[in-house]
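Architecture at a glance
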Amino acid sequence: MRRYIILSLITIMIVLSAAAGTAYKVGADEKISGKPMQEITAYTSLPAETVAILSEEYEKQNKVRVNFTVLPQKELLQKIRDDAVSDPTVVKTVDLVLTDSELLKQAAELNLLLSTATEINDAVKNNFKDEADRWIGVWYDPIIFCANKDFLKKVSDIPDTWEELSKTEKIRVGITDFLAADASSNLMFQMIENFSDKKTYDILRGLHPKVVQYTKYLSNPVRQAGMGEADISIAVESETLRYMQDGYPLKIIYPADGTSYLLTGVGITTQDAMKNLAATNFSDWLLSDDAQIVLQKNGFYFLPTNPGTLAYKSFAGKNLVLLDKSKTFSEVERQDFLDRWVKYIRFN
């Protein structure tokens, strides 16, 4: 896998390097045209570092500035609602939203996002987008089994399902605390929805004695497996790929019975024709290899949803089964699931 990733990156970067030779500086463009650079405003819950590199690269390539405002997810939805004023004379403060798909689903149900279909986003599979094209998933990050290669050499029967992993004897497991990260808690919720709560808690109960440590950060289980402190870690693929690129002896195993994932998507809110077009173009760019290249150059390895990209062909595992039976549990239901895990498994 690592070899194909490197080959794909080299190929695309050669093309980009050639194209970069014809680019003008932003300031020079504005002086020549005499017009200010076009700008669009976006709300996001992604880390500032991530959106900064995307904005900078897009501005270099397209001479359009994307001004991101980073907000916690709980505040983001309210900000979109506040912006959706009925008075058409009031200037909107946001043109686009880049965030978790669960929040975009809520925004779409409140009619806060516009239907935007393009040739590029039409290629995205239905499970990665809204049925009315009010939001489009641009990349996702699945939970996988991150195995230490030295451990794999010692065993003949490698667990590749959740139930097998929970029943495997003499194995050390790394995992992020379900209370510490959305990717981790989302795994529990998706398993409950797809496997039933009884089977899910049976699996988690079987894993518990094998857990080396319930870590606070998503990177730590990967580090544990890479350093030989854990045999197999339950981890996000993006962190695993990052450690693999740094030379850690790791192998990715996709759970054969399915796994959860966090999907990042984009939705457009502005009805202004010029800004709508600019926001749509940026949305399509997020689905391109150009966006994936700049993310990978900076250590972010997500799986793109656009099947036409080289990154999709390089990263998407043929054995990757996603748990797509999805229900949006209420905050009360989510807290109840977590409380039950804490009471009957974590501290039992």
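In what follows, the structure referred to is the one given above.
Residues numbered from 1 in each chain as written. Predicted model: local features only at pLDDT ≥ 70, side-chain atom pairs only at ≥ 80, totals over all residues. Heavy atoms only, no water.

Another aspect to go through is the pairing of strand β3 (residues 96–100). Consecutive side chains of a regular strand alternate in pointing toward one face of the sheet and then the other. Counting buried residues along β3, five of its five residues qualify, which places the element largely inside the surrounding structure. Where strand β1 (residues 38–44) lies against β3, three bridges are found, and the strand directions are parallel. Considered in β3, the bridge of Tyr43 is made with Val97. As defined by bridge partners, β3 adjoins strand β9 (residues 261–268) across five bridges and the pair is classed as antiparallel. If you follow Val97 over to β9, its bridge partner there is Gly267. (Buried < 20%, exposed > 50% of the residue type's maximum accessible area, 1.4 Å probe, protein only. Helix = DSSP H or I, 4+ residues; strand = E, 2+ residues; numbered from the N terminus. Pairing = 2+ DSSP bridges.)

Attention now goes to the packing of aromatic side chains. Under the definition given, this model contains 16 aromatic pairs. Residues Tyr58 and Phe282 carry aromatic rings whose centres are separated by 4.8 Å and whose planes lie at 75° to one another, so their mutual orientation is edge-to-face. You can see Tyr58 sitting in helix α3 (residues 48–62) and its partner Phe282 sitting in helix α12 (residues 273–285), a full 224 residues away along the chain. For the residue pair Tyr58 and Phe282, the accessibility class agrees, reading buried in each case. Between Phe189 and Phe329, the aromatic rings sit 6.4 Å apart at their centres with planes inclined by 65°, giving edge-to-face as the arrangement. (Phe/Tyr/Trp six-rings, centres within 6.5 Å; stacked < 30°, edge-to-face > 60°.)

Buried within helix α15 (residues 331–346) are the following residues: Phe337, Leu338, Trp341, Val342 and Ile345. What you see down the axis of α15 is that its buried residues fit within an arc of 135°, all on one side. Residues of α15 that are exposed and point more than 90 degrees away from the buried face comprise Val332 and Lys343. Buried residues in α15 make contact with α8 (182–195), α9 (197–207) and β6 (211–215). (Arc of directions from axis to C-beta. Contact = heavy atoms within 4.5 Å.)

Time to look at the pattern of salt bridges. Scanning the model with the defined rule gives 16 salt bridges in all. Across the pair Arg65 and Glu59 runs a salt bridge whose closest N-O atoms are separated by 3.2 Å. On the accessibility criterion, Arg65 (24% relative accessible area) is partly exposed. Asp202 serves as the salt-bridge partner of Arg205, at 3.1 Å between the closest nitrogen and oxygen. Residue Arg205 and its partner Asp202 are located together in helix α9, separated by three residues, close to a single helical turn. You can call Asp202 partly exposed: its relative accessible area is 37%. Here the salt bridges do not stand alone but share partners, grouping Glu39, Glu59 and Arg65 into one network. (Salt bridge = Lys/Arg side-chain N within 4 Å of Asp/Glu carboxyl O.)

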